[in-house]
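What the coordinates show
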Amino acid sequence: MEALQSVLSLIITLGILVTVHEFGHFWVARRCGVKVLRFSVGFGKPLFSWRDRLGTEYAVAAIPLGGYVKMLDEREGPVATEDLHQAFSQKSVYQRIAIAAAGPIANFLFAIAAYWLMFVIGFSAVVPKIGAVEEDSAADVAGMQVGDVLVTVDGRDVHGWRDAIMSLVGRIGESGDIAISAASESGQVQRYDLQVNRWLADQEQDDLIGSLGISPYRPPVSPIFSVVQSGSAAEKAGILVGDEVVAVEGRQVSEWFAFVDSVKASPGKILNVTVVRGGREVDLELLPDGVADENGVVYGKIGVGVASFKYPDELIRKVSYGPLRSVSEAVSQTWDDTWMTFGAIKKMVVGLVSLDNLSGPITIARVANQSISSGFEEFLRFLAILSVSLGVLNLLPIPILDGGHILFYLVEAVRGKALSEQSQVIGFKIGLSLVVMMMAIAFYNDIMRL
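Throughout, residues of each chain are indexed from 1 in the direction in which the sequence is written. With the structure being a predicted model, the display of local features is reserved for residues of pLDDT at least 70 and the display and counting of side-chain atom pairs for 80 or more, all residues being used for whole-chain, interface and lining totals. Note that water and hydrogens are dropped before the side-chain values are worked out from all heavy atoms of the structure.

Below, the discussion takes up helix α11 (residues 402–415). Under the DSSP-based scheme used, a helix requires at least four consecutive residues in state H or I and a strand at least two consecutive residues in state E, with every element numbered from the N terminus. One less than the number of residues in a helix, times 1.5 Å, gives the span that helix is expected to have. Its 14 residues place the ends of α11 20 Å apart at the C-alpha level, agreeing with the 20 Å of an ideal helix rising 1.5 Å per residue. The rule is simple: take the accessible area with a 1.4 Å probe, protein chains only, and divide by the maximum for that residue type; under 20% is buried, over 50% is exposed, in between is partly exposed. Those residues of α11 not exposed but buried are Asp 402, Gly 403, Gly 404, Ile 406, Phe 408, Tyr 409 and Glu 412. Once α11 finishes, Gly 416 follows within two positions and takes phi at roughly 90°, a positive value.

It is worth spelling out the nonpolar core at this point. Remark: nonpolar core denotes a set of buried residues (Ala, Val, Leu, Ile, Met, Phe, Trp, Tyr, Cys) joined through side-chain atoms within 4.5 Å. Counting 28 residues, the largest nonpolar core has Phe 110, Tyr 115, Met 118, Phe 119 and Phe 123 as the members making the most contacts within it. Elements with a contribution of two residues or more to this core: α1 (2–31), α2 (93–121), β3 (123–126), α8 (323–350) and α10 (376–395). Judged by nonpolar contacts, the second largest core, of 24 residues, contains Val 158, Trp 161, Ile 172 and Leu 208.

What follows concerns the packing of aromatic side chains. Any two rings among Phe, Tyr and Trp, with Trp reduced to its six-membered ring, count as a pair given centres within 6.5 Å; such a pair is stacked if its planes are under 30 degrees apart, edge-to-face if over 60, and tilted if neither. The full count for this structure, using the stated rule, is 17 aromatic pairs. With 5.5 Å between their ring centres and 80° between their planes, Phe 26 and Phe 39 make a pair best called edge-to-face. Note that Phe 26 is positioned in helix α1 and Phe 39 in strand β1 (residues 36–51), a separation of 13 residues in sequence. This pair shows no difference in class: Phe 26 is buried, exactly as Phe 39 is. Each ring, one from Phe 119 and one from Tyr 321, has its centre 5.5 Å from the other, and the planes form 65°; the classification is edge-to-face. One end of the pair, Phe 119, is in helix α2; the other, Tyr 321, is in the loop between β18 (316–319) and α8, with 202 residues separating them in the sequence. The class for Phe 119 is buried, based on a relative accessible area of 6%. Of the aromatic side chains, those joined through ring pairs into one cluster are Phe 23, Phe 26, Phe 39, Phe 48, Trp 50 and Tyr 58.

In this section: a negative patch on the surface. Residues qualify for a patch when their relative accessible area is over 30% and they have no salt bridge, like charges being joined within 9 Å and the nonpolar side chains of Val, Leu, Ile, Met, Phe, Trp and Tyr within 5 Å. For the area figures, the Shrake-Rupley method with a 1.4 Å probe applies, and any residue is considered shielded solely by the protein chains shown. Each salt bridge in this description consists of a side-chain nitrogen of Lys or Arg and a carboxyl oxygen of Asp or Glu lying within 4 Å of one another. For the purpose of charge, His is not counted, nor are the chain termini; Lys and Arg are scored as positive and Asp and Glu as negative. Every charge is mapped to an atom, namely NZ of Lys, CZ of Arg, CG of Asp or CD of Glu. Together, Glu 134, Glu 135, Asp 136 and Asp 140 give the surface a local cluster of negative charge. The exposure class of Asp 140 is partly exposed, given its relative accessible area of 31%.

It is worth spelling out the sheet that holds strand β7 (residues 176–183) at this point. Overall, antiparallel pairing links the 4 strands, which are arranged β6-β5-β7-β8 in an open sheet. Whereas interior strands pair on both sides, the edge strands pair on one side only; in this sheet they are β6 (156–157) and β8 (189–196). Two elements, strand β5 (residues 149–153) and β6, share 2 bridges in a ladder whose sense is antiparallel. When the bridges of β6 are listed, Thr 152 appears paired with Asp 157. Two residues qualify as a contact provided that any one of their heavy atoms is within 4.5 Å of a heavy atom in the partner residue. Axis definition: a line fitted to C-alpha atoms, over the contacting stretch in the case of helices. Angles run 0 to 180 degrees between N-to-C directions. Against the sheet, helix α4 (residues 161–169) engages β5, β6 and β7, with an angle of about 35° to β5. Note: two strands are recorded as paired if DSSP finds a minimum of 2 bridges between them.

Turning our attention to the pattern of salt bridges. Counting across every chain of the model gives 11 salt bridges. Of the charged contacts in the structure, one is a salt bridge between Glu 378 and Arg 162, with a shortest N-O distance of 2.4 Å. Within this pair, whereas Glu 378 is found in helix α10, its partner Arg 162 is found in helix α4, the two being separated by 216 residues in sequence. By relative accessible area, which is 38% here, Arg 162 ends up partly exposed. Between Arg 381 and Glu 378 there is a salt bridge, with the nearest N and O atoms lying 3.7 Å from each other. Taken together, the positions of Arg 381 and Glu 378, both in helix α10 and 3 residues apart, correspond to about one turn of that helix. The pair Arg 381 / Glu 378 is uniform in exposure class, with both members buried. Among the charged side chains, a salt-bridge network with shared partners connects Asp 154, Arg 171 and Glu 174.

This next bit is on unusual backbone geometry. The backbone of Arg 198 sits at a positive phi, close to 45°, despite the residue not being glycine. Positionally, Arg 198 belongs in the loop between β8 and α5 (208–211). Phi angles above zero are rare outside glycine, and Glu 249 is one such case at about 55°. By the element assignment, Glu 249 lies in the loop between β11 (244–248) and β12 (251–252).

Across a sheet, strands are paired by hydrogen bonds formed along the backbone, either parallel or antiparallel in direction. The strand order β12-β11-β13-β14 describes an open sheet built from 4 strands, whose pairing is antiparallel. Either end of the sheet is taken by a strand with one partner, and the two such strands are β12 and β14 (280–286). Sheet topology note: the β11/strand β13 (residues 271–277) ladder contains 4 bridges and is antiparallel. Bridging across to β13, Val 245 finds its partner in Val 275. The strands touched by helix α7 (residues 256–264) within the sheet are β11, β12, β13 and β14, with β11 carrying the most contacts at an inclination of about 55°.

This brings us to a nonpolar patch on the surface. A surface patch of nonpolar side chains, about 350 Å² in accessible area, is lined by Leu 4, Val 7, Leu 8 and Ile 11. Within the element layout of this structure, Val 7 appears in helix α1.

Right, let's talk about the side chain of Ser 40 for a bit. Within the fold, Ser 40 resides in strand β1. Overall, the relative accessible area of 2% leaves Ser 40 in the buried class. In the analysis that follows, any N or O atom pair within 3.5 Å is treated as a polar contact, provided that within protein one partner can donate a hydrogen and the other can accept it, and provided that, for residues neighboring in sequence, both atoms belong to side chains. Among the polar contacts made by the side chain of Ser 40, one reaches the main-chain carbonyl oxygen of Gly 42 at a distance of 2.8 Å.

Take Gln 252: it is sitting in strand β12. Sequence spacing of Gln 252 and Ser 211 is 41 residues, and the spatial spacing of their C-alpha atoms is 29 Å.

What follows is the structure, encoded as structure tokens:
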């Protein structure tokens, strides 16, 4: 069921973003007098299609991983003399640049619109309160304290942990100080400089906050099982839904995450666990399975879940702005996302960021499903971030992408004539090879994450 939901979420997400991107090309092409033959969302055989009064075919195709706008073009087939004025190839180099750039620009404008709507509607954020500071970590050395609430991270205001994480993304692979200001429980704000050296270079970044030695505050959660997976280590040990853990290896346990830590630290090791069932204590022998994470570190897993819990009201912030301020906030956020994405790509190229961070459609599907399940505001945020990423990637000067076409047209503008057909074919072959290689790495990473 979850897999089906993820697939549907992927189709919805990519359907929206591809339509926006291709509409940018379509709209500007029409304004430049180019005849559009087909506007397709998806690749392959059309599932259904229709035509408008100008003869453009609109199609929804079977493979929802992209789309295209097919224009009248002499390079793709003969064009009738009376239609030459509508051919893409007959337009000025600056009109062709505008048409190529319109897709990514549409993605940036959509991100601004999505952020604007999110800020106007408002969203909830968990107060970034520190629950633990790891000994000898960058945060500990800087003097950060349990109970501090983050105010700014690397010069940016933070409302919740998500903001803090996004503020740190741009520092991956770098050396120096990361400035964090935090308010103590008395309300006094102090700045801390956390020293890093090639921070998380060549690693997959799955816990930016934790890598600095900071653990978010988590309210106490009763260790009561709400899910026991069939065939799991927990079921084999005799654990039932509704059981409450009270002791592990003779040590009292009153909080869920303490129990989780004990299990994760004991792969392949028998744990004596005491649970309360029906008002009486029951002793069980639990043998956690050993599971390896992406870095090969083995941890214990037993296949259980805990009942959902709610953060207290004082740890939840509701963030919203008026319509006018939301415009500036949306533009600022889109700008930050854009340069963060460009920076991440640059660091991948020079080797400061691991290629393990590339994600493909499987990861996008899973995150899309999670964001939709989390509410409309979270889905808007996800759409905005992904739209910016799509816009940036398409602007890269790689032949076959929009940026590659723009590069060829700029060269033509400088030279006064287009590059030879042979040179363009070679460029497109190189570009196609690079894109296929990136997609292969992204698919591989997706599968490894599963």
